[in-house]
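Breakdown of the fold
These are the residues of each chain, in order.
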Amino acid sequence: MNGVLSEVPVSPVERRRISLAPPSAGQDKAFETLTLIASLAVVGLLFLVGWELISESNLSIKKFGFHFLTSSTWDPVAEQYGALPFIYGTFMSSLIALIIAVPLSIGTAIYLTELAPRWIRQPLVSLIEMLAAIPSVILGLWGIFVLIPWLRVYPFAFLKETLGWTPVFSGPIYGTSMLAGGIIVAIMIMPIITSVSREILRAVPDLQREAAYALGATRWEVTRLSVLSYARKGLFGAVILGLGRALGETMAITMVIGNTPQIAKSLFAPGYTLASVIANEFTEATTDLYVSALVEIGLVLLGTTILANLFAQLLLRTVGGTTPARTAQ
Amino acid sequence: MIAMNPKNHQWRQIKNVFISSIFFISAILVVAPLGLVFYYLLKNGASSINWAFFTKLPTPVGVTGGGMANAILGTIQLLCLASALGVPLGILGGVYLAEYGSSRGNSLLRFVADVLNGVPSIIWGVVVYGLAVLPFKGFSAYAGGLALGLMMIPLIMRTTEEVILLVPNGYREAALALGIPRRKMIIRIVMKTASKGIVTGILLALARVAGETAPLLFTAFGNRFWNHDLTQPIAALPLQIFTYAISPYEDWHRQAWAGALVLLMGIFVVNISVRVLTRNRTRPGL
């Protein structure tokens, strides 16, 4: 009796030495060990990724040291490598993307959970999940041939006319630019911020809303008072998750940002990101030092992305109500 | 709260309507790119999809009539290689997380899996370059499959775990009460019940990695001809789209649109079928 009941999988699992062990205990243990090894694969993978990047970039780290992160020179011919333009590019494009995507995404999440009529919710959610499924390269293709020509003619020209005197919108309009990069990354991260925010908002207990309604609040007031303040931490986690995704975005932004390693004041000027330089130059890296420098850029990218994701996961886990598996999509 | 002053009440109502419409507009703006992308894909790509596209190899620049047959087959081959690695490890790992282990240890494992899911795909390419390209001195289909497979492991692990946890405990207890060994209980009863969910998790992971370009850039590398040897470079649909899109040739742009349409159609078909297949599951209210 004891032998069978003690195997019931309720956590935490207690292991008791049973004299009435079932005859298949050995094979059961083997299966358990098999699955254990498989699950430890993720831990192994994490170490593998870190170790590979660190060892491959060793050459570059030894040669440039900390200077790598502060130098703006990217000169493969003279073998001088500095990552600052790319760090700036990744940071700036992600910032622009967040500025555009966060209000729209959280607004959409609020619309979906609080304001939309019931019949519209499922179709809208499905549409957003479809948007999330679009591969980066296809969005980039659309970006080159549809978005950029349109941006050049309408919004950019308009911005140039009205705000062209500011350094941020100065300079010639090529089309491929930091601003275009930010816009396309915004399109890529909006679905994930929207879905995670939606889960967070749904987790707010109805009691909070009902209390506000009972006091005579309008729909928006209910949302503002009881839902948003309650969900603040989780929403922040959703935003950081979106940031993590924006940092690592490669293909779409490579196709529209212009790929020029420079730090320019104007948003109309082309830029370069950490991920883009790896994508463009890795296969053309002729010397060991070149490859090593690119891998070091990958290391910087990995570091920032992991930090952002760690932060987001911690925020989301302490809020509760989200199934973290879905946030990873 | 504020007193029921009629004038103030009117102002609050106006604010309510105004802000609600702003949120409605933001929802439209979020979904709009989907429609726009789809529209232009159809407009620019549909005309270039013909029998030649699916059966011919790429032709030299200036010679019209080429196709992406090798890229389509290449993507299928890479997905098969990736699945060989990703599916077994992912499923078994998910089983462990759901059925065995301690709650603290498993939380840590889940955390690590989620962090891995957030690693940019190009980093996987760099890692596999060091693992499978440098030592063997060449790009290969195996390397590309490895990169995609590694990406699939944490994805499938989490979806499998989620689905297995949904199986009611009563099934497990009933099986054990009948004296069925634990491993058989898990495989024959629990996993069988969850099989639909496990399969949809695999399909979604496949749809996700099918569109990945960055990890293939310096592992599979691309190939303008058929791949006859998996230790050689291989073409893939997203790679081909990228190469054509950034080229200066009009004909290649046309083909890139067609390729993008085919790729997106494939991904959407998988996503929609998954959605249809899981429709009967009871969902908590929206």
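What you are looking at is a predicted structure, and each value in this text was computed from that prediction instead of being measured. (Residues numbered from 1 in each chain as written. Chains lettered and ligands numbered in written order. Predicted model: local features only at pLDDT ≥ 70, side-chain atom pairs only at ≥ 80, totals over all residues. Heavy atoms only, no water.)

**As for helix 8 (residues 182-193) of chain B**
Residues and elements named next belong to chain B.
- With 12 residues, helix 8 extends 15 Å from end C-alpha to end C-alpha; this agrees with the ideal 16 Å at 1.5 Å per step.
- For helix 8, the complete set of buried residues consists of Arg 182, Arg 183, Met 185, Ile 186, Val 190 and Met 191. Buried positions in helix 8, seen along its axis, are confined to an arc of 145° and lie on one side of it. For helix 8, exposure combined with an orientation more than 90 degrees from the buried face picks out Arg 188 and Lys 192. (Helix = DSSP H or I, 4+ residues; strand = E, 2+ residues; numbered from the N terminus. Expected span 1.5 Å × (residues − 1). Buried < 20%, exposed > 50% of the residue type's maximum accessible area, 1.4 Å probe, protein only. Arc of directions from axis to C-beta.)

**Describing the pattern of salt bridges**
- Counting across every chain of the model gives 14 salt bridges over all chains.
- The shortest N-O distance in the salt bridge between A:Arg209 and A:Asp206 comes to 3.0 Å. One end of the pair, A:Arg209, and the other, A:Asp206, are both in helix 10 (residues 206-214), three residues apart, so they sit about a helical turn from each other.
- Of the charged contacts in the structure, one is a salt bridge between B:Arg254 and B:Asp251, with a shortest N-O distance of 2.3 Å. Taken as a pair, B:Arg254 and B:Asp251 lie in helix 11 (residues 250-277) at a separation of three residues, close to a single helical turn. (Salt bridge = Lys/Arg side-chain N within 4 Å of Asp/Glu carboxyl O.)

**Here's the deal with a nonpolar patch on the surface**
- On the surface, B:Phe24, B:Ile25, B:Ile28 and B:Leu29 cluster together into a nonpolar patch covering about 360 Å² of accessible area.
- Mapped onto the elements of the fold, B:Phe24 is located in helix 1 (residues 6-45). (Patch = residues over 30% accessible without salt bridge, like charges linked within 9 Å, V, L, I, M, F, W, Y side chains within 5 Å. Areas by Shrake-Rupley, 256 points an atom, 1.4 Å probe, with all protein chains shown as cover.)

**Describing the layout of surface pockets**
Residues and elements named next belong to chain A.
- One number sums up the size of the second largest pocket: a volume of about 530 Å³.
- What lines the second largest pocket is a set of 22 residues, among which Leu 147, Trp 150, Leu 151, Ile 183 and Ile 187 lie closest to the centre.
- For the lining of the second largest pocket, the residue count by class is 22 nonpolar, no polar and no charged. (1 Å grid on protein atoms, 1.4 Å probe; cavity = no way out; pocket = protein on both sides within 12 Å on 5 of 7 lines; lining within 4 Å. Points joined across faces, edges and corners; volume = space filled by probe spheres on them. Nonpolar A, V, L, I, M, F, W, Y, C, P; charged D, E, K, R; others polar.)

**A word on unusual backbone geometry**
- Here A:Glu79, not a glycine, exhibits a phi torsion of approximately 60°, which is positive.
- Within the secondary structure, A:Glu79 sits in the loop between strand 1 (74-75) and strand 2 (80-81).
- Positive phi outside glycine occurs at B:Lys137, with the angle close to 55°.
- Topologically, B:Lys137 is positioned in the loop between helix 5 (121-133) and helix 6 (141-165).
- Owing to a relative accessible area of 76%, B:Lys137 belongs among the exposed residues under this scheme.

**Points about the packing of helix 3 (residues 69-99) of chain B against helix 8 of chain B**
Residues and elements named next belong to chain B.
- Across the interface, helix 3 lies against helix 8 with an axial gap of 12 Å and an inter-helix angle of 110°. Classified by the angle their axes make, helix 3 and helix 8 are roughly perpendicular. In contact with Ile 91, Val 95 and Glu 99 of helix 3, helix 8 contributes Arg 182, Ile 186, Val 190 and Met 191.
- Along the lines of polarity and charge, the residues of the contact of helix 3 with helix 8 split into five nonpolar, no polar and two charged. (Axes fitted to C-alpha atoms, helices over the stretch in contact; angles between N-to-C directions. Parallel < 35°, antiparallel > 145°, perpendicular 65-115°, else oblique. Contact = heavy atoms within 4.5 Å.)

**A closer look at the packing of aromatic side chains**
All names here are of chain A.
- One pass over the structure, following the stated rule, counts 24 aromatic pairs over all chains.
- Judged by centre distance (6.0 Å) and plane angle (90°), the rings of Phe 64 and Tyr 81 are edge-to-face. Of this pair, Phe 64 sits in helix 3 (residues 58-64) while Tyr 81 sits in strand 2, and the two are 17 residues apart along the sequence.
- You can call Phe 64 buried: its relative accessible area is 10%.
- Ring geometry for Phe 156 against Phe 268: centres 4.8 Å apart, planes inclined by 45°, an arrangement best described as tilted. Of the two residues, Phe 156 sits in helix 8 (residues 155-163) while Phe 268 sits in the loop between helix 12 (251-256) and helix 13 (274-281), which places them 112 residues apart along the sequence. (Phe/Tyr/Trp six-rings, centres within 6.5 Å; stacked < 30°, edge-to-face > 60°.)

**Things to note about the interface of chain A and chain B**
- Taken together, the contact pairs 94 residues of chain A with 93 residues of chain B.
- Seen at the junction of chain A and chain B, the total is four salt bridges.
- Notably, a salt bridge pairs A:Arg317 with B:Asp114, separated by 3.1 Å at the nearest N-O pair.
- Along the contact surface separating chain A from chain B lie 11 residue pairs in polar contact (both at pLDDT 80 or more).
- A per-element tally of the side of chain A that touches chain B places helix 2 (residues 25-56) of chain A first, with 19 residues.
- Across the side of chain A that touches chain B, the residue classes break down as 59 nonpolar, 21 polar and 14 charged. (Polar contact = N/O pair within 3.5 Å; in protein donor to acceptor, adjacent residues only side chain to side chain.)

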